[in-house]
Amino acid sequence: MKYYSTNGKAPLASLEKAVVRGLAEDRGLYMPERIPVLPPEFFAHIQTLTFKEIACTVADGLFGEDVPAKELHRIVKETLSFDCPVVPVTRSIYALELFHGPTLAFKDVGARFMARLLSHFTRTSRDRRTIHVLVATSGDTGSAVANGFLGVEGVRVHVLYPEGKVSSIQESQFTTLGKNITALAVKGTFDDCQALVKNAFMDPDLEHLRLTSANSINVARLLPQSFYYFHAYAQMKRLGLADQLVVCVPSGNFGNLCAALIAKRMGLPVKRFVAANNANDVFYQYLQTGAYSPRPSIPTLANAMDVGDPSNFARIVELYGHDWQTLCAEISGDTSDDLQIRSAIADCKRQYGYLLDPHGACAYRAVYHNLSPGEAAVICETAHPAKFKDTVEDAAGVPVTVPERLQAFMRGQKQSVPMGRDYASFKNYLSKLK
Ligand SMILES: *Cc1c(COP(=O)(O)O)cnc(C)c1O
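Notes on the structure in this doc start here. (Residues numbered from 1 in each chain as written. Predicted model: local features only at pLDDT ≥ 70, side-chain atom pairs only at ≥ 80, totals over all residues. Heavy atoms only, no water.)

## Some remarks on the sheet that holds strand S4 (residues 93–97)
Argument step 1. Read across the sheet, 6 strands follow the order S3-S4-S12-S9-S10-S11 without closing on themselves; strand pairing throughout is mixed. The sheet is open, and its two borders are formed by strand S3 (86–88) and strand S11 (331–335), each paired with just one other strand. Neighbour-to-neighbour, the strand axes of this sheet turn through a mean angle of 25°, independent of strand direction.
Argument step 2. Summarising the sheet, S4 and strand S12 (residues 376–381) pair through 5 bridges and their orientation is parallel. Counterpart to Glu-97 in the pairing with S12 is Glu-381.
Argument step 3. Contacting strand S9 (245–250), strand S10 (272–277), S11 and S12, helix H11 (residues 255–265) crosses the sheet at an angle of about 180° to S10. (Pairing = 2+ DSSP bridges. Helix = DSSP H or I, 4+ residues; strand = E, 2+ residues; numbered from the N terminus. Axes fitted to C-alpha atoms, helices over the stretch in contact; angles between N-to-C directions. Contact = heavy atoms within 4.5 Å.)

Next comes the structure, spelled out in structure tokens:
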């Protein structure tokens, strides 16, 4: 499979090149040249298959030309060391719980897959230099990537995060690890962190370093996120609720929604999609007006979605041939402010006994009054409520138990390198690496 750039001015790339580079030479995002369509037989008995069996079939379609089957299946099975169950919330709303991994957020899936695929390529490549993974995080990416790559040979990870703008639990998940993981506390916003990373990739003075990105711009993080949508469909089919399936994704950089859209292109029978935004709702505004107007992000309770210029927007419009109407026929949107997030957490707990996290709360609100008769919705619960303990306890009025693996992070010693938001400081840091 070859990968092309959404900017259209870079040469086609192999999977290895797309994964190692992250961004194309023209700063565009890589897209698979062709989206494989899975055979009808697969969907006819998908409900009899396990998550790992489903994921291996999907992975064969996406990566089978580029990674030997045995190796690919090992990578998939190691990645999915936890389940992604579909859990009833209301009669027609089901939560796809994506938070049962090591850092309790959905990004574990993409990050664990990417770490293993990159390590496969470093082992088979003749280039023996260290790969430096640069990752900008608004909270959960950093922890998932840092933990996914922890101890992986030949790779060093540098996590850039906006100082004081991520929760203490999130911070502890990427500042306490040591080994091949370094955290950089940037005096700025998430968008500043993302800009620093993008600049470094484009800097010819840093060409001697093997830099790559582990943000959702990387195809190795993006594409495996499609696995759990097939698994969710299988579970809904078992319940007899898959005929008019609505998939609702709380979105920030829009990698997770993009993976869901790709799943549909691969043949997954989803009726329609809902993109749930918080107050950073440039995508929602785009759906209303057809105009895309990025703007600086503002902090909200669902902070992993505080993105003012979502990087995967380029991929999503590409999937619809840059046609706003075609896109609107398949995707609708919704936006929730902090007050609405809080009341959704409270209402859902009180009426249905299900505890949402602030991101899942945006998704819940987006579908709650918006399903037609016969439709059933799967909403992505992208993080464990305990990752946002204070917000959730305050809104729901019930104590939230913190799982042991999360408490273990909290006991570690936090360490980070202070960093300005200007590119010169970051470049100085990078130029000292080997
Ligand atoms: C990253 C994240 C999101 C947003 O996902 P995107 O793929 O960037 O749209 C939503 N919820 C949580 C908990 C996250 O960590």
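## As for the layout of surface pockets
Argument step 1. Each pocket or cavity is described by its volume, and for the largest pocket that value is around 410 Å³.
Argument step 2. Along the walls of the largest pocket sit 17 residues, with Arg-21, Glu-207, Leu-209, Arg-210 and Leu-211 positioned nearest its centre.
Argument step 3. Sort the elements by how many residues they give to the lining of the largest pocket and helix H1 (residues 15–21) lands first, with 4 residues.
Argument step 4. Of the residues that constitute the lining of the largest pocket, the class distribution is 8 nonpolar, 1 polar and 8 charged.
Argument step 5. Among the elements of the structure, helix H8 (190–202) and helix H13 (313–319) are those that each provide at least two residues to the lining of the second largest pocket.
Argument step 6. Looking at which element gives the most residues to the lining of the second largest pocket, the answer is H8, with 3 residues.
Argument step 7. Per-class residue counts for the lining of the second largest pocket are 8 nonpolar, 6 polar and 5 charged. (1 Å grid on protein atoms, 1.4 Å probe; cavity = no way out; pocket = protein on both sides within 12 Å on 5 of 7 lines; lining within 4 Å. Points joined across faces, edges and corners; volume = space filled by probe spheres on them. Nonpolar A, V, L, I, M, F, W, Y, C, P; charged D, E, K, R; others polar.)

## Some thoughts on the pairing of strand S5 (residues 131–136)
Argument step 1. With respect to burial, S5 is a largely interior element, 6 of its 6 residues being buried.
Argument step 2. Here S5 shows a buried face lined by Ile-131, Val-133 and Val-135 and a second buried face lined by His-132, Leu-134 and Ala-136.
Argument step 3. Where S5 meets strand S6 (residues 155–162), 6 bridges bridge the pair, whose relative direction is parallel. Paired with Leu-134 across the strands is His-158, a residue of S6.
Argument step 4. Handedness of the β-α-β unit built from S5, helix H6 (residues 140–149) and S6 comes out right-handed. (Buried < 20%, exposed > 50% of the residue type's maximum accessible area, 1.4 Å probe, protein only. Right-handed = clockwise from strand over helix to strand, strands pointing away.)

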